[in-house]
Amino acid sequence: MSSPAHTPTPAPTLTLRGVAVFKGWLDGAAQQDMLEDLRGVIRAAPLIRPETRFGRKMSVRMTSAGRYGWVSDRRGYRYAPHHPAGGAWPPIPASVLAVWDAITGLDRRPDCCLVNYYDADARMGMHQDRDEADFDWPVVSVSLGDSALFRIGNIQRGGPTQSLWLDSGDVLVMGGAARLVHHGVDRLRAGSSSLLARGGRINLTLRVVD
Ligand code: SIN
Ligand code: MN
């Protein structure tokens, strides 16, 4: 069971299929500060291109911060306390935790900040975030860099979907009845942001794992 919110939570800009979207939550300076913190995370825990259970390389590069990281290899996917190359994950930066605190108003903080890096050709197939122990806790996502076309489906596989562009600084929440919606990223709009010197997009997802 989720603990009650300790502060009032802000109203989203829009809600699509139950997913709450906060457009432009982070201004340019906050995006720069967060990026600097994420550079530290990536130095401590380098991005890797995980394999799926079937031995196919994902197009997205990943790392994590927090007590747990999300990893995928031929054994399948799971949360793990160490980077695949060894060593504990670095702590979740305060700038990232501040977004969770402000958006969710929860006392409980996330155990994992999954960091996904998309280059211009990367995408992510439709999936649910369901490796966590308790779906009462929301998943909070932060977008930085190039805009991405984010597709939202249903709790069940298949059926109608709706898409929206996520721009740098946008935050969204999959929680409540929308905690287990299928979602994915169809494509990036290359060159739409100058935040990342080499282009591409960083997405953070914050999760309570256990
Ligand atoms: C994810 O579902 O893990 C990533 C979503 C996104 O990149 O916006
Ligand atoms: Mn996901």
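Residues numbered from 1 in each chain as written. Chains lettered and ligands numbered in written order. Predicted model: local features only at pLDDT ≥ 70, side-chain atom pairs only at ≥ 80, totals over all residues. Heavy atoms only, no water.

Participant: Looking at this structure, how should I read the overall build of the chain?
Facilitator: Along the backbone of the chain there are 2 helices and 13 strands. For 210 residues, the compact-globule estimate of 2.2 N^0.38 gives 17 Å, and the chain sits close to it at 16 Å. C-alpha extents for the chain along the principal axes are approximately 40 × 40 × 40 Å. If you take every contact in the chain between residues at least 6 apart in sequence, the share linking residues at least 24 apart comes to 72%. For the chain, the exposed surface amounts to about 9800 Å²; the carbon and sulfur share of it is 52%. Averaging the positions of the 25 positive and the 21 negative side-chain charges in the chain gives two centres separated by 8 Å. (Helix = DSSP H or I, 4+ residues; strand = E, 2+ residues; numbered from the N terminus. Rg over C-alpha atoms; globule rule 2.2 N^0.38 Å. Contact = heavy atoms within 4.5 Å. Areas by Shrake-Rupley, 256 points an atom, 1.4 Å probe, with all protein chains shown as cover. Lys, Arg positive; Asp, Glu negative; His and termini not counted. Charge placed at Lys NZ, Arg CZ, Asp CG, Glu CD.)

Participant: Could you clarify how one ought to interpret the site of ligand 1 in this entry?
Facilitator: Near ligand 1 you find Asn116, Tyr118, Met124, His127, Phe150, His183, Val185, Arg201, Asn203 and Arg207, and these make up its full shell. A distance of 3.3 Å is found between an oxygen atom of ligand 1 and a side-chain nitrogen or oxygen belonging to Asn116. Arg201 is positioned such that a nitrogen or oxygen atom in its side chain is 2.8 Å from an oxygen atom of ligand 1. Protein contact buries 98% of the 260 Å² of open area that ligand 1 shows by itself. Structurally, ligand 1 is housed in the largest pocket. If you tally residues by element for the shell around ligand 1, the top one is strand β13 (residues 201–207), at 3 residues. When the residues that make up the shell around ligand 1 are grouped by side-chain class, the tally is 4 nonpolar, 4 polar and 2 charged. (Near = heavy atom within 4 Å. Polar contact = N/O pair within 3.5 Å; in protein donor to acceptor, adjacent residues only side chain to side chain. 1 Å grid on protein atoms, 1.4 Å probe; cavity = no way out; pocket = protein on both sides within 12 Å on 5 of 7 lines; lining within 4 Å. Sits in = over half its atoms within 2 Å of the grid points. Nonpolar A, V, L, I, M, F, W, Y, C, P; charged D, E, K, R; others polar.)

Participant: What am I meant to see in empty space enclosed by the protein here?
Facilitator: Overall, the coordinates contain 1 cavity of 30 Å³ or more when judged by the stated rule. Here the largest cavity defines a volume of roughly 70 Å³. Forming the walls of the largest cavity are Ile48, Pro50, Met62, Thr63, Ser64, Trp70, Val71, Ser72, His83, Pro84, Trp89 and Leu114. Of all the elements in the fold, those that place two or more residues in the lining of the largest cavity are β3 (61–66) and β4 (69–73). Classifying every residue of the lining of the largest cavity by side-chain character gives 8 nonpolar, 4 polar and no charged. (Points joined across faces, edges and corners; volume = space filled by probe spheres on them.)

Participant: Honestly, the layout of surface pockets in this entry has me stumped. Any pointers?
Facilitator: Vacant regions in the atomic arrangement are exposed by a probe of water-molecule size rolled over the atoms. Approximately 910 Å³ is the volume found for the largest pocket. For the lining of the largest pocket, the elements supplying multiple residues, two or more each, are β4, β6 (112–118), β7 (124–127), β11 (171–174), β12 (183–189) and β13. Its residues assigned to classes, the lining of the largest pocket shows 14 nonpolar, 12 polar and 10 charged. Surrounding the second largest pocket, Leu35, Leu38, Arg39, Ile42, Leu47, Tyr117, Leu196, Ala197, Arg198, Gly199 and Ile202 form its lining.

Participant: Is there a simple way to think about helix α2 (residues 94–104) in this case?
Facilitator: Helical periodicity: at 3.6 residues per turn, an α-helix aligns residues three or four positions apart in one direction. Buried residues of α2: Val96, Leu97, Val99, Trp100, Ile103 and Thr104, and no others. Angularly, the buried residues of α2 cover 150° about the axis, an arc narrow enough to put them on a single face. Residues of α2 that are buried sit in contact with β2 (19–22), α1 (28–44), β6, β8 (139–145), β11 and β13. (Buried < 20%, exposed > 50% of the residue type's maximum accessible area, 1.4 Å probe, protein only. Arc of directions from axis to C-beta.)

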